[in-house]
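For reference, the chains in residue letters:
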Amino acid sequence: MKKIALLTIAAIAAMFLSTALLADVQSLRGDELNNAAKKPANLKLVNIKGGIERSYKLQPPMVPHEVDKYEVNLKTNGCMKCHSEATYEKEKAPKVGDSHYEDRDGKVLKTVSSRRYFCNQCHAPQMGADPLVQNNFQGAK
Amino acid sequence: MSDSKKRGGLFLVVVGIVAGIILWGGFNTAMEMTNTETFCISCHEMENTVYQELQETIHFTNRTGVRATCPDCHVPKEWIHKVVRKIQASNELYHKMLGTIDTPEKYEAKRLELAQNVWRSMKKTDSRECRNCHKFVSMDLDKQAPRSSEQHDPHYWDAVDGNEPKKTCIDCHKGIAHSLPEGFDPAAEY
């Protein structure tokens, strides 16, 4: 009996303590955990002249420009307006990597292989959002 | 001339002016009515295709709330050109009745051809309908994205200096208000 009473008191104390603690805990974005989060900042895609350095070998290069006006679907691929083998020189844009012209058997195709067709599956545009935690990561040079 | 004859002549002139105003005004009002989005969609085959695509683009929804609808790009503003275009549209009505492109599949099969018709006429008119709103001399290149200002720069200066521009809007800006057709080759001249 004594044991049960003690346990109950401990449980109640723990409950009070945790709610008191919870009120002080803040998320990285400054919201309190028991309140609804604030609306995220309205960020836009950024243009970075000269492109973005790779952070590691074989990283799919990130997209250093806005892409919201380009369509990539089964019928058409807006990225290829500038990055295709036929247009990259005129548009002074980097050409799609050679690996993207190979099918899965290593055969080199004339146009981009269907398995590499959807650019935005790997190549991400950037929002210019500051990292929430300080980060000293240095990319591979 | 007698007094009554004079009065009769005056009456005729007044009637003529009033009738003229009513007829001309009526004609223009009717013409304006045919220049609304809802009217276009009611006969031209596009409600489920290109009209849906337009709604995704900056010409439909944007920061400042200025919207370009069908006639802003596809019907000339000048009277003569406008009437010519309106007469051409009767061919499209004929095909509406035939049901030439009445399903998305039929539409897709014809899309490249249809798009090329529009590109050709825009090229021929030096992108006249684009330029009803967009003029090189009114552009602030510094406010454009770096890539845009780089590309516009030579043409901007040609326009400012009054030289013949080497390119017209549609040369580069294809597929900005509707999806590009399947099989579109960005390196080809259309």
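What counts and what doesn't
Residues numbered from 1 in each chain as written. Chains lettered and ligands numbered in written order. Predicted model: local features only at pLDDT ≥ 70, side-chain atom pairs only at ≥ 80, totals over all residues. Helix = DSSP H or I, 4+ residues; strand = E, 2+ residues; numbered from the N terminus. Rg over C-alpha atoms; globule rule 2.2 N^0.38 Å. Buried ≥ 20, exposed ≤ 12 C-beta atoms within 10 Å, placed from the backbone. Contact = placed C-beta atoms within 7 Å. Nonpolar A, V, L, I, M, F, W, Y, C, P; charged D, E, K, R; others polar. pLDDT = per-residue confidence, 0-100. Expected span 1.5 Å × (residues − 1). Domains from an automatic or database assignment.

Our focus in this paragraph is the overall build of chain B. Tallying secondary structure elements over chain B gives nine helices and zero strands in all. Seen in sequence order, chain B has helices and strands lined up from the N terminus as α-α-α-α-α-α-α-α-α. A globule of 190 residues ought to have a C-alpha radius of gyration of about 16 Å, yet chain B, at 22 Å, is considerably larger. Scored against the burial criterion, the 190 residues of chain B give a buried share of 11%. For chain B, the share of sequence-separated contacts (at least 6 apart) that also reach a separation of at least 24 residues comes to 60%.

Another aspect to go through is the overall build of chain A. Counting secondary structure elements, chain A contains three helices and zero strands. Reading the secondary structure of chain A in the N-to-C direction produces α-α-α. Relative to its length of 141 residues, chain A is extended, with a C-alpha radius of gyration of 26 Å against a globular reference of 14 Å. The dimensions of chain A, computed from C-alpha atoms along their principal axes, are 85 × 35 × 35 Å. Of all 141 residues assigned to chain A, the portion counted as buried reaches 6%.

All right, on to the interface of chain B and chain A then. Each side of the interface is counted separately: chain B has ten residues, and chain A has 13 residues. Considered class by class, the residues forming the side of chain B that touches chain A number seven nonpolar, one polar and two charged.

Once that is clear, we can look at the confidence of the model for chain A. Close inspection of predicted coordinates is inappropriate for parts of the model with low pLDDT. Counting all residues, the mean pLDDT for chain A is 86, and 94% of those residues have values of 70 or more. Ranking the elements of chain A by mean pLDDT puts helix α1 (residues 2-24) of chain A last with 70 and helix α2 (residues 80-83) of chain A first with 92.

This part takes up helix α5 (residues 79-98) of chain B. Residue and element names in this part refer to chain B. The end-to-end C-alpha distance of α5, which contains 20 residues, comes to 30 Å, matching closely the 28 Å that a straight helix rising 1.5 Å per residue would cover. Across the 20 residues of α5, zero count as buried, placing the element largely on the outside. In the stretch just after α5, Gly99 is the one whose phi turns positive, near 75°.

Before going further, it helps to examine the domain arrangement of chain A. Looking at the assigned domains, one finds that chain A contains domain 1 (1-40) and domain 2 (43-128). The gap between the C-alpha centroids of domain 1 of chain A and domain 2 of chain A is 48 Å.

Next up on the list: the environment of His155(B). Residue and element names in this part refer to chain B. Examined against the element boundaries, His155 turns out to sit in helix α8 (residues 146-161). Take His155: there are 19 C-beta atoms within 10 Å of it, and that puts it in the partly exposed class. Between the alpha carbons of His155 and Pro165 there is a distance of 5.9 Å; along the sequence they are ten residues apart. When residues no more than four places from it in sequence are discounted, the contact partners of His155 are Phe136, Pro165, Lys166 and Lys167.

The subject of this paragraph is unusual backbone geometry. One non-glycine residue, Leu58(A), lies in the positive phi region at around 70°. Mapped onto the elements of the fold, Leu58(A) is located in the loop between α1 and α2. Look at Ser127(B): it is not a glycine, yet its phi comes out positive at around 50°. Mapping Ser127(B) onto the fold places it in the loop between α6 (104-124) and α7 (128-131).

Residues and elements named next belong to chain B. Averaged over every residue, the pLDDT of chain B is 91; residues scoring 70 or more account for 99%. Here helix α2 (residues 37-43) stands out as the element of chain B with the lowest mean pLDDT, 87, in contrast to α7, whose mean of 95 is the highest. Interface confidence in the predicted complex, given as ipTM, is 0.71; pTM for the same model is 0.79.

Let us look at the environment of Asp68(A). All names here are of chain A. In this structure, Asp68 sits in the loop between α1 and α2. Judged by C-beta crowding, with 8 C-beta atoms within 10 Å, Asp68 ranks as exposed. As a C-alpha pair, Asp68 and Ala11 span 57 residues in sequence and 53 Å in three-dimensional space.

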